[in-house]
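Fold and geometry: a report
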Amino acid sequence: MKTTADKVFQIFKQLNNIPRPSHHEERVADFLCDYARELNLEYERDSHNCVVIRKPATPGHEKAEPIVLLNHMDMVCVGMKDPLKTPIEAYEENGWLKARGTSLGADNGIGLSMALAILADDTIVHGPLEVMTTTNEEDGMSGAANLSENFIRGRKVINLDSEDYDTITTGAAGACLQYHRIPVKWISAPGGKRRWYRITISGGKGGHSGVDINKGRASATILTWAVLAAIYNEYDFDVASLRVGEANASIAASADFVIGIPSGEASEFVKSQEESLNEWIMQEYGENDPDIHCHIEKVEKPEKVIDNKAFDALMRALEQIPQGVVKMSDSMADTVETSNNVGRITIEEDNICISTHTRSFIDKDMDNLAKDIRKVFEAAGAKTELIMSAPAWQENQDSDFINLTSDTFQDVLGWRPRKVAMHFVLEAGYFVMKYPGIEIASIGPRIVEPHSTLERVEIKTIHDIWKVTLSLLERLA
């Protein structure tokens with residue numbers, strides 16, 4: 001059995017030269033199909049660009065149960081001016097693989113690279129293999145949701161989409177992603193004695209809106225509402241532009257908006273908000289998010305602003321909906337049970353678009369909270385579009401498959417992983433619904449700060465998970 005994962009890093013470098021934001025995975029799917037053809041392996045590609053590559057068993061192991069290696073091909077693109085054209089520049093530092101100024105794509109590029117490296121190595125012992133790669137996992141899970149019932153044959157799944165090296169993930173929260181669109185009218189910017197200011201919030205850690213939601217980090221959405229509410233409660237003003245957040249599945253780390261306000265006392269009040277807001281930010285978030293800050297600068301008058309009715313509706317809605325942790329679990333220590341995150345706010349032509357990502361281990365609680373949020377926005381005049389409603393998933397932690405996975409860690413690495421349910425959403429819920437009798441164990445290397453420019457993966461743990469995966473495949477064969 002090989003003890004190094006050199007091929008994994010070679011493939012990961014290739015993947016990172018292929019832009020792969022959610023909804024735009026065509027080139028990665030092309031790469032996977034070409035890869036299968038080069039290896040003379042059977043493959044299928046569906047209408048959503050999901051790809052399964054099948055490799056026959058190692059000779060002598062043909063009667064073994066088929067095993068599925070599951071990953072997704074998209075990534076959350078943060079720090080990229082144009083995600084469709086920006087390659088990822090990865091580098092090593094102090095035992096970690098990082099990216100320069102962007103998210104790294106280790107979620108889930110490292111797991112996918114492992115699966116592809118296994119396909120290329122005929123010295124690895126395994127039964128019949130299916131490398132299953134889905135699309136749009138990060139922004140709606142439409143790939144998994146639309147899989148046909150016969151797309152995979154295996155009923156034991158090693159999911160390599162995990163970020164906690166010392167765990168076997170045996171459960172995941174459900175998630176509901178909604179877009180709320182408040183209609184806007186564009187009008188000419190008012191004249192007269194007015195001052196125009198660009199207010200920016202930057203430097204936040206951001207992070208995964210499931211994994212990091214309880215870490216006390218600042219949400220630029222909440223900070224944007226706070227600074228606008230402070231001005232809004234004192235003076236009338238106009239909004240010329242508004243952008244908050246980087247990705248639907250991330251805690252908003254930045255914001256940028258332009259407002260106009262009468263000169264004089266009102267203008268002086270706005271300028272004073274920079275100092276007061278930064279003091280408040282440090283008091284509330286300084287320990288957990290020390291670099292986030294607000295900056296206010298004077299700018300030229302824009303041509304257009306949005307109507308006050310739309311802005312009023314946005315402010316009312318943001319005030320009423322919960323953001324962050326809603327409830328901690330009574331049965332799982334230190335685990336978030338239910339949460340909601342506003343990932344992005346943008347003005348798109350004739351609408352203000354707000355994304356809400358609601359998660360819970362209790363499907364009913366998730367559905368009820370999502371429904372309450374929808375009612376708030378509908379009362380504000382918004383139209384809501386349901387993008388995703390993925391079910392929660394809970395595996396039997398004492399199944400033979402999970403115990404075999406745990407035993408493999410013990411035998412290969414000398415320690416036994418925890419079995420945990422995580423407050424992120426995995427595609428496992430869809431697979432359990434579609435493929436009766438399926439069993440799923442989710443493992444992976446240590447990935448820190450996914451969905452952010454601080455994303456990094458510990459190199460040693462890639463080698464370790466590689467060894468565990470190969471040993472587990474051999475045992476299953």
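A few points on the structure. (Residues numbered from 1 in each chain as written. Predicted model: local features only at pLDDT ≥ 70, side-chain atom pairs only at ≥ 80, totals over all residues. Heavy atoms only, no water.)

**Some words on the layout of surface pockets**
Applicable threshold: Only protein atoms enter the 1 Å grid, on which a cavity is a set of points fitting a 1.4 Å probe that cannot get out and a pocket is an open set with protein on both sides within 12 Å along at least 5 of 7 lines, lining residues being those with an atom within 4 Å of a point. Grid points are joined across faces, edges and corners, and a volume is the space filled by probe spheres set on the points. Each helix is a run of DSSP H or I of at least 4 residues and each strand a run of E of at least 2, with the numbering of both proceeding from the N terminus.
The calculated volume of the largest pocket comes to roughly 750 Å³. Around the largest pocket, the lining is made up of 38 residues, and of these C77, V78, G79, E246 and A247 lie nearest the centre. Here the second largest pocket is characterised by a volume of approximately 360 Å³. At four residues, the largest contribution of residues to the lining of the second largest pocket is made by strand β21 (residues 418-422).

**Quick word on the side chain of D212**
Which entries qualify depends on this criterion: In protein, a polar contact means a hydrogen-donor-capable atom and an acceptor-capable atom, both N or O and within 3.5 Å, with residues adjacent in sequence counting only if both atoms are side-chain atoms; elsewhere, any N or O pair within 3.5 Å suffices. Contacts are assigned to residue pairs that have any heavy atoms within 4.5 Å of one another.
Along the polypeptide, D212 turns up in the loop between β11 (194-202) and α5 (220-232). Reaching out from D212, the side chain makes a polar contact with the side chain of K215 at a distance of 2.7 Å. In this structure, D212 is in contact with G207, R217, I251 and E449, ignoring residues within four places of it in sequence.

**What to know about the packing of aromatic side chains**
In plain terms, the rule: The criterion for an aromatic pair is that two Phe, Tyr or Trp rings (for Trp, the six-membered ring) have centres within 6.5 Å, with stacked assigned to planes under 30 degrees apart, edge-to-face to planes over 60 apart and tilted to the rest. Note on exposure labels: buried denotes an accessible area under 20% of the residue type's maximum, exposed denotes more than 50%, and partly exposed covers the range between, all computed with a 1.4 Å probe on protein chains only. A ring is scored as having a charge over it whenever the NZ atom of a lysine or the CZ atom of an arginine sits within 6 Å of its centre and within 35 degrees of its normal.
Counted under the stated rule, the structure contains nine aromatic pairs. Between the aromatic rings of Y232 and F237, the centroid separation amounts to 6.4 Å while the plane-to-plane angle is 80°, which identifies the pairing as edge-to-face. A ring pair is formed by F237 and F311, whose centres lie 5.3 Å apart and whose planes are at 70°; its orientation type is edge-to-face. Of this pair, F237 sits in the loop between α5 and β12 (238-244) while F311 sits in helix α7 (residues 308-320), placing them 74 residues apart in sequence. Relative accessible area serves as the criterion here: at 6%, F237 is assigned to the buried category. You can call F311 buried: its relative accessible area is 3%. Ring pairing ties together the aromatic residues Y165, F409 and W415, which thus form one cluster. Taking the ring centre of W196 as reference, the NZ or CZ of R194 above it sits at 6.0 Å. The residue whose ring lies beneath R456 is W96, and the NZ or CZ to ring-centre distance is 5.6 Å.

**Brief notes about empty space enclosed by the protein**
The final tally for this structure, using the stated rule, is three cavities of 30 Å³ or more. Considered as a void within the structure, the largest cavity measures approximately 130 Å³ in volume. As for the largest cavity, its lining consists of 16 residues, and the residues nearest its centre are E137, E138, H208, V425 and H451.

**Description of the sheet that holds strand β5 (residues 96-99)**
Within a sheet, adjacent strands bond to each other through the backbone by hydrogen bonds, running parallel or antiparallel. Rules: Here, strands pair whenever DSSP counts at least two bridges between them. Helix axes are fitted to C-alpha atoms over the stretch in contact, other axes to C-alpha atoms as well, and angles between N-to-C directions run from 0 to 180 degrees.
In spatial order, the strands read β4-β5-β24-β23; together these four strands make up an open sheet with antiparallel pairing. At either margin of the open sheet sits one strand with a lone partner, and together these are β4 (90-93) and β23 (447-448). In this structure, β23 lies alongside strand β24 (residues 456-458), joined through two bridges in antiparallel fashion. Counted as the bridge partner of V448 is R456 from β24. With respect to the sheet, helix α11 (residues 459-476) is in contact with β4, β5 and β24, its orientation differing from that of β24 by roughly 60°.

**Focus on the environment of T102**
Summarising the element assignment, T102 is placed in the loop between β5 and α3 (106-120). With a relative accessible area of 5%, T102 lands in the buried category. When near neighbours in sequence (up to four residues on either side) are disregarded, T102 contacts V78, G79, M80, I88, S452 and T453.

**A look at helix α2 (residues 26-38)**
Counted only if it meets this: An expected span of 1.5 Å times one less than the residue number is assigned to each helix.
Under the 1.5 Å per step criterion, the end-to-end length of α2 is 18 Å for 13 residues, consistent within 8% with the ideal 18 Å. On the buried face of α2, the contacting elements are α1 (6-15), β1 (42-45), β2 (51-55), α3 and β6 (129-134).

**Points about the nonpolar core**
In a soluble, globular protein the nonpolar side chains are often hidden away together inside. The test is simple: Remark: nonpolar core denotes a set of buried residues (Ala, Val, Leu, Ile, Met, Phe, Trp, Tyr, Cys) joined through side-chain atoms within 4.5 Å.
L116, I158 and W466 are the most contacted members of the largest nonpolar core, which has 59 residues in total. Residues A252, I281, I321 and I373 belong to the second largest nonpolar core, which totals 50 residues.

**Details of the pattern of salt bridges**
Heads up, the condition is: Here a salt bridge means any side-chain nitrogen of Lys or Arg lying within 4 Å of a carboxyl oxygen belonging to Asp or Glu.
According to the stated counting rule, one finds 26 salt bridges in the structure shown. One salt bridge connects D122 with K55, and the closest N-O pair in it is separated by 3.0 Å. Pair noted here: D122 is in the loop between α3 and β6 and K55 is in strand β2, with a separation of 67 residues, a long-range link. Under the relative-accessibility criterion, K55 is labelled buried at 8%. Notably, a salt bridge pairs R181 with E385, separated by 2.8 Å at the nearest N-O pair. With R181 in strand β9 (residues 174-183) and E385 in strand β19 (residues 383-390), the pair connects residues that are 204 residues apart, well separated along the chain.

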